[in-house]
Amino acid sequence: MKLVQFWRNGRPALGLQTERGVVDAAAEATRLGVTVPEDMAAAIALPAGELERLLTPLLQDPQCFTGAPLAPVVTGTDRIFCIGLNYRQHAKECGLPIPPAPVLFNKFSNALAAHGDCVKLISDYKEYDYEAELVAVIGKPARSVSEEDALDYVFGYTCGNDLSTRDLQFARGGQWVLSKTFDGFAPVGPCLVPAGELDPNHLDISSTVNGEVRQSSNTSDMIFPLAQIIADLSHHFTLMPGDLIFTGTPQGVMHGYPADQKSWLKPGDWVEVTIQGIGTLRTTFC
């Protein structure tokens, strides 16, 4: 099952991605005389197993499709947690030591963007970079959970692109937050796959820029697997339903290229992030 959100009258609405297109969940439910959650937040709030029971009938022979623009797969949250330097080969390409514990920084809700959105690059800076990432969505409050139980707190997974402004990042002493939370700098999508359908520890992950492969790896190269990240964060504060966790990026980002080979993102470029079992998130720049 692949869940999406699309824009209806300026508000996010729940949809189902199929080979025939995006099913308008509310319209299809009305046709069938059943009730379904109106958006992703309502879907996340349902008891375990209830969402599949409600939505599966909508996929039998759907008739109600929508061509509306997609919204970010999760909205209504201002908690976007990001883990830096979490792939062994990425740390190596940046010439940095393996961190002893997860390196945390944040983005904010203004950074959220949807599949297909065009992200504006302001002219003050030039070194715009891409980072393909597996993103986990928390499904229930998590406080001081064990690594063994941590994945039980995940609602689902999506693709993310942790966009960065490297010249700003390093102009201010290696400060990450400001340089990574410009408007639209956290694209997520195109869909959200329920947690039970994927193993986050063994997924192929890649990115292309204008069709050229830049990153190609597997989540098995993570230094800190998702379960360890969740356990660590929840030891310090409560994770809440709808929280997003960007789990780090593999090698191949432009920051890691030799100085004479760097080609930063610019208006007109497009980046695709592909993760096994989820799909491809496309972002263009203007």
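Heads up: the structure comes first, above all this text.
Reading the values: the criteria
- Residues numbered from 1 in each chain as written.
- Predicted model: local features only at pLDDT ≥ 70, side-chain atom pairs only at ≥ 80, totals over all residues.
- Heavy atoms only, no water.
- Helix = DSSP H or I, 4+ residues; strand = E, 2+ residues; numbered from the N terminus.
- Rg over C-alpha atoms; globule rule 2.2 N^0.38 Å.
- Buried < 20%, exposed > 50% of the residue type's maximum accessible area, 1.4 Å probe, protein only.
- Contact = heavy atoms within 4.5 Å.
- Areas by Shrake-Rupley, 256 points an atom, 1.4 Å probe, with all protein chains shown as cover.
- Lys, Arg positive; Asp, Glu negative; His and termini not counted.
- Charge placed at Lys NZ, Arg CZ, Asp CG, Glu CD.
- Salt bridge = Lys/Arg side-chain N within 4 Å of Asp/Glu carboxyl O.
- Pairing = 2+ DSSP bridges.
- Core = buried A, V, L, I, M, F, W, Y, C linked by side-chain atoms within 4.5 Å.
- Polar contact = N/O pair within 3.5 Å; in protein donor to acceptor, adjacent residues only side chain to side chain.

Q: What is the right way to look at the overall build of the chain in this model?
A: Counting its secondary structure elements, the chain contains 8 helices and 19 strands. Taken against the 2.2 N^0.38 rule, which gives 19 Å for 286 residues, the C-alpha radius of gyration of the chain at 19 Å falls within 12% of a compact globule. For the chain, the spread of C-alpha atoms along the principal axes amounts to about 60 × 45 × 30 Å. Burial statistics for the chain: of 286 residues in total, 51% are counted as buried. Considering only intrachain contacts with a sequence separation of at least 6, the fraction spanning at least 24 residues in the chain is 75%. Entry remark: accessible area of the chain is about 12,100 Å², with carbon and sulfur atoms responsible for 51%. Between the averaged position of the 21 positive side-chain charges in the chain and that of its 33 negative side-chain charges there is a distance of 4 Å.

Q: Help me understand the environment of Thr35, please; the structure alone is not making it clear to me.
A: Tracing the sequence through the fold places Thr35 in the loop between helix 1 (25–32) and helix 2 (40–44). Considered as a pair, Thr35 and Ala25 are 10 residues apart in the sequence and their alpha carbons are 9.2 Å apart.

Q: Honestly, the pattern of salt bridges in this entry has me stumped. Any pointers?
A: Close approach of charged atoms allows side chains with opposite charge to pair. One pass over the structure, following the stated rule, counts 13 salt bridges. Ionic pairing is found between Asp162 and Lys180, a salt bridge with its closest N-O pair at 3.1 Å. Of the two residues, Asp162 sits in the loop between strand 12 (154–161) and strand 13 (164–165) while Lys180 sits in helix 7 (residues 177–180), which places them 18 residues apart along the sequence. Each member of the pair, Asp162 as well as Lys180, is classed as buried. Between Glu212 and Arg214 there is a salt bridge, and its shortest N-O distance comes to 3.6 Å. Exposure remark for Arg214: the relative accessible area of 13% places this residue in the buried category. Each member of the salt-bridge network shares a partner with another, and the members are Lys107, Asp129, Glu131, Asp162, Arg166 and Lys180.

Q: Could you clarify how one ought to interpret the pairing of strand 2 (residues 11–18) in this entry?
A: Along a regular strand, successive side chains alternate from one face of the sheet to the other. With 6 bridges joining them, strand 1 (residues 3–8) and strand 2 adopt antiparallel strand pairing. The residue of strand 2 that forms the bridge with Arg8 is Arg11. Where strand 1 folds back on strand 2, the antiparallel hairpin that results is connected by 2 residues, among which Asn9 adopts a positive phi of roughly 55°. The sheet contact formed by strand 2 and strand 3 (residues 21–24) spans 4 bridges and is antiparallel. For Thr18, the partnering residue across the bridge sits in strand 3 and is Gly21.

Q: Whenever I open this one, the sheet that holds strand 18 (residues 270–275) confuses me. Can you help?
A: For sheets, the rule is that strands pair by backbone hydrogen bonds, running either parallel or antiparallel. If you trace the 5 strands from one edge of the open sheet to the other, you get 9-19-18-15-16, paired in mixed fashion. At either margin of the open sheet sits one strand with a lone partner, and together these are strand 9 (118–119) and strand 16 (212–218). Both strand 15 (residues 204–209) and strand 16 contribute to a ladder of 6 bridges, which runs antiparallel. The residue bridging Thr208 from the neighbouring strand is Val213, located in strand 16.

Q: Is there a simple way to think about the nonpolar core in this case?
A: Nonpolar side chains in soluble globular proteins generally cluster together in the buried interior. Tyr157, Ile230, Leu265 and Ile278 are the most contacted members of the largest nonpolar core, which totals 82 residues. Among the elements that line this core, the one with the most residues is strand 11 (residues 132–138), at 6 residues. Among residues more than four places away in sequence, those in contact with Leu265 are Leu121, Lys126, Tyr128, Asp129, Tyr130, Leu163, Val209, Val271 and Phe285.

Q: Help me understand the side chain of Asp39, please; the structure alone is not making it clear to me.
A: With respect to the secondary-structure elements, Asp39 resides in the loop between helix 1 and helix 2. Among buried Asp, Glu, Lys and Arg side chains, Asp39 stands out as unpaired, with Arg11 the closest opposite charge at 5.4 Å. For Asp39, the side chain forms a polar contact with the main-chain nitrogen of Ala41, separated by 3.3 Å. Setting aside residues no more than four positions away along its own chain, Asp39 makes contact with Gln5, Pro12 and Leu14.

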